[in-house]
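# Observations on the model geometry
Here is how the chains run, residue by residue.
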Amino acid sequence: MSLGIGRSLVRALALLTVVACSASADELVLASGEVLQGRLLAAGPSRILVEEKIGSARFLARSQISAYRVQGQPKTLPEEALDPTALVKVVKGSVRVRRQGQELGVSLSGPAGILREGDELRTGPFGKVAFHLPSGGEGRAWHDAVVRFTGGIPALAAGKLQVTHLEGRVLASFPGGRVDVVRGKLEATLLQGQTRLQCLRGRAQVRGTQGYLLDIPRTHAATVIAESRDAPASVSASNTNAWRLRLELNKRRITIRPGERVILLAPVVVQAEPVRPRPTPAVVPQEKPLPPPSELVKKDGPVGSVIRASSAFALSRRALPARRVEQAECEGLELRSGDRLDTSAGDLSLRFGTARVDLSKESRGVVGSGGVPFRLLAGQALVQSERETSLAFPEGEIGLLSGSAVIRQEGGTTHLGVTRGIAGARIGERVRAELLGPSELHIQRGTNGIELRAPATGSTIPLVLGGLELRLRAGESLRFSHAGGTEQVTLRPGATQTRIELSGVRAKIRPGANESRILHLLHDGRQVILGPGTYRFIRRGKEVLAYLPGQIPERTLAAGTPTPSGAGASRAQPAPVRPSVAGGPIVPARQKTLTGHRQLLANGAVVVLHNWGPLVVKRAWRREGDRAHMIAIEGPRGELQLEPKSVIHLERLVGVAKVATPDGRFVLHHPGGSSFTALVRANGVLAIQVAEGDRSVEIEAGVEFDMSLRPDRYVLTYVFGQAVYLEPRQQMRVTRKDGLRMRYARNRGKARSSKTKPAPKGAGGNK
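Residues numbered from 1 in each chain as written. Predicted model: local features only at pLDDT ≥ 70, side-chain atom pairs only at ≥ 80, totals over all residues. Heavy atoms only, no water.

### Overview of the overall build of the chain
Of regular secondary structure, the chain possesses two helices and 66 strands. Looking at the 767 residues of the chain, the share that counts as buried comes to 48%. A separation threshold of at least 6 residues defines the contact pool for the chain, and within that pool the share at least 24 residues apart is 46%. Accessible surface for the chain amounts to roughly 37600 Å². Of this, 51% is attributable to carbon and sulfur atoms. (Helix = DSSP H or I, 4+ residues; strand = E, 2+ residues; numbered from the N terminus. Buried < 20%, exposed > 50% of the residue type's maximum accessible area, 1.4 Å probe, protein only. Contact = heavy atoms within 4.5 Å. Areas by Shrake-Rupley, 256 points an atom, 1.4 Å probe, with all protein chains shown as cover.)

Next up, the structure:
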């Protein structure tokens, strides 16, 4: 009986609570007749924010509200100076907001939990914040993030931003464009001027300010670089992508293979839009996306005009018979897409926007072919422009950032020359070249592929040949071909040629000592000294099969392990790793030419000093159970322990000390930063222990890594281009095979890693 009375009492209290809440709730009557009951949180000039229930927010356009009642009494809807643009749902660590020049705190309740139009949200190194967006989606920001809100859309200015909407669309912007996420989740990371976009769920469409459209499917990633004074805009596909990305620009569709980079130099003709007064915005998810590039280019009307003609020329227009244009009617003649020109009698000058194209005598070409202003078929063309423009030729096209370039067809060979400025050339679908004036490149297409040659009077030209990157020196030539998924590059075609065959492998060729060349495999960081002969590299899953001249096929060993060299090499006894014989062993680590003051220590370790001052040797000892002779030198704040035959670079910059390895890994120590101890092994492994916070790092050779010990005692690392803060008691290990691995030390104040264990206290003195 008492149990039944208790249940009835609970139900009655619940009913009274519901009635009281409904009576005290605000009522909003929409223009459609719908009545919303909740709590009015904020009301701006064009947008209001209503909390229907705890944790559920709804943004409405002010024009949608027809009546507002409080406890049944009609009231006038209040109006604040700024529209609400986000509602904070989670706050962790240091999170601040800058509003109209004032620094304000952020909380989960009250006015401090509502973000306004024009706010700049900032998080600290370990600060995190999550918020509701007017589109119905959610956003998260962390890692020193800076997010600005305009029109209800978050704009990433630094750090990391994640937007999610599994039932609709959510928009976000970044330097160089904005992204439209459809029923999915996307993570954007802005680091050193590059924005990495990774689609975790659903689908994302990137619309750049250059007029391009990029589709990013689920589990794929791309890096976008905005245009600047020093460099054009570009789009790069991640090496981890399973499929090619689709890029649409100027009515053309381009596929970007994993690891490939596309430089956007083609001009985009954008129709000017009249300036309109700012309308009253509705709910943000109803905003229409940017039009695709195909709608930005003028479809009808003239695309160019004739400036000058030394004599009459032939003009062929679609659906019209060919006719002869006399010199008297040449000036100001409008040109349309598809027009064919033949200057067999004299010179001809054309204008396409801000670009000028001068055709020499006996030249032929097509206007507006394939999304470029002009395509040269025969003869010679000189293009001059102070802005981005492009010009096509039979083998491909050239994009000129600014300056002047010459294209000449002569005897089956295309001559590309840049007299002033910067240009990027595309030859076929797999060959890319960058030309910095003055430079020249000769292209000849034959039955065995494409032959490229740099004249002896020119300069070095960077090339991308499928999966191979190299620099073509002045006076050198090469041949490139591909068939059946295999790419073949032949250097110095002739009796002493070097042939490289790649199947699913990406590599770089860099100069070595004594005019030699070294091939660097990007898969595992190994290197091969090139010489005459054929080199074959075939990818099989996560392994790479290497076929070297005079050597039996050998499987890829663990990263950093040299491969046997020579036909009679024993598998049990690898050949010594010394770059002395052409076509010899695979070098395990990337070695750079040592510059600066080079000092050899007693155990064979090498220290290269750059503006460092005198080197201070603190002590020497032998490790327990090992004959290795260790030497410790004085570092920026702590000591650097060197194994025999290890190499380290020390440099003092403006307000910072730098400790670097020959392969590019480095540690920056700012004044006031935490003290640290570094151990440099002979195999290139770098182990670091940070005294404050019990943090440790172990990095394998050939890994893209750097660390910054900041004056605020935070430890910021960049691993494979991503920012990672090293928290107290964290232990980091980075290898080429396994990537980044993190764990926490079991006991505070005592690291468990024996590899980074410093020398015993009693060790000292030279033995």
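Picking up after the structure, the text goes on.
### Remarks on the pairing of strand E29 (residues 355–359)
Summarising burial for E29: four of the five residues are buried, a large majority. Where strand E28 (residues 348–352) lies against E29, five bridges are found, and the strand directions are antiparallel. From the neighbouring strand, arginine 351 faces E29, where its bridge partner is arginine 356. As consecutive antiparallel partners, E28 and E29 are separated by two residues, and within that stretch glycine 353 has a phi angle of approximately 65°, a positive value. (Pairing = 2+ DSSP bridges.)

### Points about the packing of aromatic side chains
With the rule as written, the count across this model stands at five aromatic pairs. A connected cluster of aromatic rings, assembled from ring pairs, spans Phe126, Tyr714 and Tyr725. The side chain of arginine 536 reaches across the aromatic face of tyrosine 547, ending 5.0 Å from its centre. A cation over an aromatic ring shows up here: arginine 652 above the ring of tryptophan 612, its NZ or CZ 4.0 Å from the ring centre. (Phe/Tyr/Trp six-rings, centres within 6.5 Å; stacked < 30°, edge-to-face > 60°. Lys NZ or Arg CZ within 6 Å of the ring centre and 35° of its normal.)

### As for the sheet that holds strand E61 (residues 695–699)
Across the sheet, which stays open at both edges, the eight strands sit in the order E53-E54-E55-E59-E60-E61-E65-E66 with mixed pairing between neighbours. Of all strands in the sheet, those bounded by a partner on one side alone are strand E53 (617–622) and strand E66 (739–744). Within this sheet the neighbouring strands show an average axis-to-axis angle of 15°, counted without direction. Alignment of strand E59 (residues 676–680) against strand E60 (residues 686–690), held across five bridges, turns out to be antiparallel. Of the residues in E60, the one forming a bridge with valine 680 is leucine 686. (Axes fitted to C-alpha atoms, helices over the stretch in contact; angles between N-to-C directions.)

### Quick word on the environment of tyrosine 744
Here tyrosine 744 is to be found in strand E66. Using a relative accessible area of 45% as the deciding quantity, one classes tyrosine 744 as partly exposed. Residues tyrosine 744 and serine 696 lie 48 residues apart in sequence; the distance between their C-alpha atoms is 9.8 Å. Excluding residues within four positions of it along the chain, tyrosine 744 makes contact with Glu727, Pro728, Arg729 and Gln730. There is a polar contact of 3.3 Å between the side chain of tyrosine 744 and the side chain of glutamate 727. Within the local environment of tyrosine 744, its side chain forms a polar contact with the side chain of glutamine 730, the two groups lying 3.3 Å apart. (Polar contact = N/O pair within 3.5 Å; in protein donor to acceptor, adjacent residues only side chain to side chain.)

### Some remarks on the environment of arginine 637
Here arginine 637 shows up in the loop between strand E54 (629–634) and strand E55 (639–642). It is 9.5 Å that separates the C-alpha atoms of arginine 637 and alanine 657, two residues lying 20 residues apart in sequence. Ignoring any residue separated from it by four or fewer positions in sequence, one finds arginine 637 in contact with His669, Gly672, Gly673, Ser674, Ser675, Phe676 and Arg713.

### Description of the pairing of strand E43 (residues 498–503)
The element E43 is largely enclosed, with a buried count of five among its six residues. Here strand E42 (residues 486–491) runs beside E43; their pairing, made up of five bridges, is antiparallel. Bridged to valine 489 within E43 is isoleucine 500. Taken together, the six bridges between E43 and strand E47 (residues 533–540) define a ladder with parallel strand orientation. Of the residues in E47, the one forming a bridge with leucine 502 is phenylalanine 537.

### Digging into the side chain of serine 349
Take serine 349: it is sitting in strand E28. Overall, serine 349 belongs to the buried group, its relative accessible area being 0%. At 2.8 Å, the side chain of serine 349 forms a polar contact with the side chain of aspartate 358.

### Some details on the nonpolar core
One finds Leu350, Leu452, Leu519 and Phe537 to be the most contacted residues of the largest nonpolar core, which totals 62 residues. Of all the elements, strand E35 (residues 413–427) adds the most residues to this core, at five residues. Excluding residues that lie within four positions of it along the chain, leucine 350 makes contacts with Ser305, Val306, Ile307, Leu335, Leu341, Ala355, Arg356, Val357, Leu359 and Phe374. Core analysis: the second largest hydrophobic core is formed by 43 residues, Val97, Phe131, Val206 and Leu249 among them. (Core = buried A, V, L, I, M, F, W, Y, C linked by side-chain atoms within 4.5 Å.)

### Some words on the environment of glutamine 689
In this structure, glutamine 689 sits in strand E60. Sequence separation of glutamine 689 and threonine 677 is twelve residues, and the distance between their C-alpha atoms is 5.2 Å.

### As for the confidence of the model for the chain
Per-residue pLDDT for the chain has a mean of 78; in total, 81% of the residues score no lower than 70. Across residues 266–299, confidence stays below pLDDT 50; counting only partners more than four residues off in sequence or on other chains, it has 66 contacts. (pLDDT = per-residue confidence, 0-100.)

### Some details on the pattern of salt bridges
Across all of its chains, the model carries 34 salt bridges by this definition. Lysine 89 is paired through a salt bridge with glutamate 138; the nearest N and O atoms lie 3.0 Å apart. With lysine 89 in strand E7 (residues 84–92) and glutamate 138 in strand E13 (residues 138–150), this pair connects stretches of sequence that are 49 residues apart. For lysine 89, a relative accessible area of 28% corresponds to the partly exposed category. For glutamate 138, a relative accessible area of 27% corresponds to the partly exposed category. (Salt bridge = Lys/Arg side-chain N within 4 Å of Asp/Glu carboxyl O.)

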